[in-house]
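Secondary and tertiary structure notes
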Amino acid sequence: MKITRITETKRGRFSLFDEEDTFLFSIDGETMAKNKIIEGTQLSCFDLEHLRTQSDARKAKDGALRYLSMRDYASKELYDKLCLKFDADTAAAAVAEMARLDLLNDENFALHRAKYLINQKKSVREITRQLASKGIDQTTIACVLDTLSPADDDACYALIQKSYRTKLLSGETDKVLAAMARRGFPYGAAKQAIERFFAAEDAEDNDFN
């Protein structure tokens, strides 16, 4: 097969066309230069597929770098995102390259994400669920939670003060308990937090008397 026409795309890649002026695929400039692709280059089917594979690998790595420049990713989360555009092997190779460059670290990702969720007053169960949804394994999750030691009681109490004070003072304790359960807080932690809330309210009332 002969490459008869090469045009540059708006994204800086290069579109390849065959003898019938049929678009084949686009490649990056580095891959094109490395393989000495110019108009008139003859390629076998094997060479053409190898060229596509090389360019896809470069495109996947560039995509991974772009995603990581915007925010941190867990390895599996990044892999799943790349798989939306590339085959499994290409996505896996790009993730491996990011790890080699020390741009991916699941334990650090989990630690930073857990700290954020703790500040958002999330329950231990919800933190665990969210980390697992990002592809973090249970051993790493357990290690991170052990390091940070988040307390359901404190998180629940802070959330009650912020969002459920009016309901509790209106006597809607059961509704607040149900809301806490939906957020992943154990019944015991929610009950203790509510008791703590009312004790603080009583103490405040006594201060004014």
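Structural notes, computed from the coordinates. The structure displayed is predicted, hence computed values, not measured ones. (Residues numbered from 1 in each chain as written. Predicted model: local features only at pLDDT ≥ 70, side-chain atom pairs only at ≥ 80, totals over all residues. Heavy atoms only, no water.)

Turning to the side chain of Ser123, a few remarks are in order. With respect to the helices, strands and loops of the structure, Ser123 is situated in the loop between helix H5 (106–119) and helix H6 (124–133). Of the polar contacts made by the side chain of Ser123, one reaches the backbone oxygen of Arg183; its length is 3.0 Å. Setting aside anything within four residues of it in sequence, one finds Ser123 in contact with Asp152, Arg183, Gly184 and Phe185. (Helix = DSSP H or I, 4+ residues; strand = E, 2+ residues; numbered from the N terminus. Polar contact = N/O pair within 3.5 Å; in protein donor to acceptor, adjacent residues only side chain to side chain. Contact = heavy atoms within 4.5 Å.)

Attention now goes to helix H4 (residues 88–100). With 13 residues, H4 extends 18 Å from end C-alpha to end C-alpha; this agrees with the ideal 18 Å at 1.5 Å per step. Buried residues belonging to H4 abut helix H2 (45–70) and helix H3 (75–82). Looking at where H4 begins, the residue whose side-chain oxygen comes 3.1 Å from the main-chain nitrogen of Asp89 is Asp87. Downstream of H4 by a residue or two, Asp102 has a phi angle that is positive, lying close to 65°. (Expected span 1.5 Å × (residues − 1).)

All right, on to the packing of aromatic side chains then. Scanning all chains against the criterion turns up three aromatic pairs. Centroid distance Phe197 to Phe198: 5.4 Å. Interplanar angle 70°. Geometry classified as edge-to-face. The class for Phe197 is buried, based on a relative accessible area of 3%. Stacked on the ring of Tyr67, the Lys or Arg Arg66 has its end atom at 5.5 Å from the ring centre. The positively charged end of Arg71 is found above the aromatic ring belonging to Tyr73, 3.9 Å away from the centroid. (Phe/Tyr/Trp six-rings, centres within 6.5 Å; stacked < 30°, edge-to-face > 60°. Buried < 20%, exposed > 50% of the residue type's maximum accessible area, 1.4 Å probe, protein only. Lys NZ or Arg CZ within 6 Å of the ring centre and 35° of its normal.)

Moving on, we get to the pairing of strand E1 (residues 5–8). Looking at chain direction, E1 and strand E2 (residues 14–17) are connected through four bridges and run antiparallel. Bridge assignment links Thr7 to a residue of E2, and that residue is Ser15. Where E1 hands over to E2, the hairpin turn is made up of five residues, of which Gly12 adopts a positive phi near 85°. (Pairing = 2+ DSSP bridges.)

Tallied over the entire structure, the rule returns 13 salt bridges. The partner of Glu49 in a salt bridge is Arg52, and the shortest N-O contact between them spans 3.6 Å. Of the two residues, Glu49 and Arg52 both sit in helix H2, three residues apart, roughly one turn of that helix. The exposure class assigned to Arg52 is partly exposed, which follows from its relative accessible area of 32%. With its nearest N and O atoms 2.7 Å apart, the salt bridge here joins Arg100 to Glu97. Highlighted residues: Arg100 and Glu97, both in helix H4, separated by three residues, approximately one helical turn. One salt-bridge network, held together by shared partners, links Asp28, Glu30, Arg58 and Asp62. (Salt bridge = Lys/Arg side-chain N within 4 Å of Asp/Glu carboxyl O.)

Taken together, the side chains of Leu65, Leu101 and Leu103 define a hydrophobic patch exposed on the protein surface, amounting to about 240 Å² of accessible area. One can find Leu65 in helix H2. (Patch = residues over 30% accessible without salt bridge, like charges linked within 9 Å, V, L, I, M, F, W, Y side chains within 5 Å. Areas by Shrake-Rupley, 256 points an atom, 1.4 Å probe, with all protein chains shown as cover.)

One way to put it is that helix H8 (residues 152–169) packs onto helix H9 (residues 173–182) with a least axis distance of 10 Å and a crossing angle of 145°. Our pair here, H8 against H9, has a crossing hand that is right-handed. Seen from H8, the contacting residues are Cys156, Leu159, Ile160, Tyr164, Lys167 and Leu168; seen from H9, they are Thr173, Val176, Ala179 and Met180. Grouping the amino acids of the contact of H8 with H9 by side-chain chemistry returns eight nonpolar, one polar and one charged. (Axes fitted to C-alpha atoms, helices over the stretch in contact; angles between N-to-C directions. Left-handed = near helix turned anticlockwise from the far one by under 90°. Nonpolar A, V, L, I, M, F, W, Y, C, P; charged D, E, K, R; others polar.)

A two-sided burial pattern is seen for E2, the buried positions comprising Phe14 and Leu16 on one face and Ser15 and Phe17 on the other. Of the pairings in the sheet, the one linking E2 to strand E3 (residues 23–27) comprises three bridges and is antiparallel in character. Across the sheet, residue Phe14 finds its bridge partner in E3, namely Ile27. Count of turn residues in the E2/E3 antiparallel hairpin: five residues, of which Asp21 carries a positive phi of about 60°.

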